Amino acid sequence: MEKEIINRVANSGLITIDLSDYAPKKPIENLDIKKFLFQGLILKEKEFRLTLKKNDFSIYKNKTVALNCSSNSVLPMWAFMLITSYLNAVNADVHFGTQEEVFQQIFKKNINAIDTDNFKNKKVIIKGCGSVKLTANLYVAITKKLQNIVSSLMFGEACSAVPVFKKISRKNKR
């Protein structure tokens, strides 16, 4: 007589979270202020304003934009504000930083927006690898988000999970 194979992982009540599910879905456009500067280095206010006025910001309509400056120029804060005002006019989602920095900012924002109701007093595993580049910053964010909600938090896969946090039961406190 054959024994039925039982999937103990499926029956364990473990919830697996793949952080890559929370990665930004929209592509992020790069807008380098350097292209608006005189010789890519110097902000001359009159020329800067004229160049911005002539620029077609509609290409950023409804897009996520990483606003940054790749040159070693010292720029006044109003320069970033002025460009942001042009981008706001075309309903762009503007963030300061490189494309990668903005990707990480939005990623972290998505993690912080997770509804934790489904994880209350559950055993949760955070997958260790996925299709998206994951930084330590993101693992710190998910740990901060879930630690006081879950009964246990682990890293990796169900077959080889590394315990990160386990809520101490009232019995074990004494």
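Conventions used here
Residues numbered from 1 in each chain as written. Predicted model: local features only at pLDDT ≥ 70, side-chain atom pairs only at ≥ 80, totals over all residues. Heavy atoms only, no water. Helix = DSSP H or I, 4+ residues; strand = E, 2+ residues; numbered from the N terminus. Rg over C-alpha atoms; globule rule 2.2 N^0.38 Å. Buried < 20%, exposed > 50% of the residue type's maximum accessible area, 1.4 Å probe, protein only. Patch = residues over 30% accessible without salt bridge, like charges linked within 9 Å, V, L, I, M, F, W, Y side chains within 5 Å. Areas by Shrake-Rupley, 256 points an atom, 1.4 Å probe, with all protein chains shown as cover. Salt bridge = Lys/Arg side-chain N within 4 Å of Asp/Glu carboxyl O. Pairing = 2+ DSSP bridges. Axes fitted to C-alpha atoms, helices over the stretch in contact; angles between N-to-C directions.

Caption draft 1: Fine view of the overall build of the chain. Across its full length, the chain holds 6 helices and 7 strands. Ordering the α and β elements of the chain from the N terminus gives α-β-β-α-β-α-β-α-β-α-β-β-α. For 174 residues, the compact-globule estimate of 2.2 N^0.38 gives 16 Å, and the chain exceeds it by more than 25% at 23 Å. Judged by the C-alpha coordinates and their principal axes, the chain covers about 85 × 45 × 25 Å. The burial tally for the chain puts 34% of its 174 residues in the buried class.

Caption draft 2: The arrangement of a nonpolar patch on the surface in detail. On the surface, a nonpolar cluster with roughly 260 Å² of combined accessible area is contributed by F38, L41 and I42. With respect to the secondary-structure elements, F38 resides in the loop between β2 (28-32) and α2 (45-54).

Caption draft 3: Expanded view of the sheet that holds strand β7 (residues 162-166). The mixed open sheet is built from 4 strands, whose spatial order is β1-β5-β6-β7. Strands at the two margins of the open sheet, each flanked by one partner only, are β1 (14-17) and β7. Each neighbouring strand pair of the sheet contributes to a mean axis angle of 25°, computed without reference to strand direction. Pairing of strand β5 (residues 123-126) with strand β6 (residues 152-155) involves 4 bridges; the strand directions are parallel. Looking at the pairing, K123 lines up with S152 of β6.

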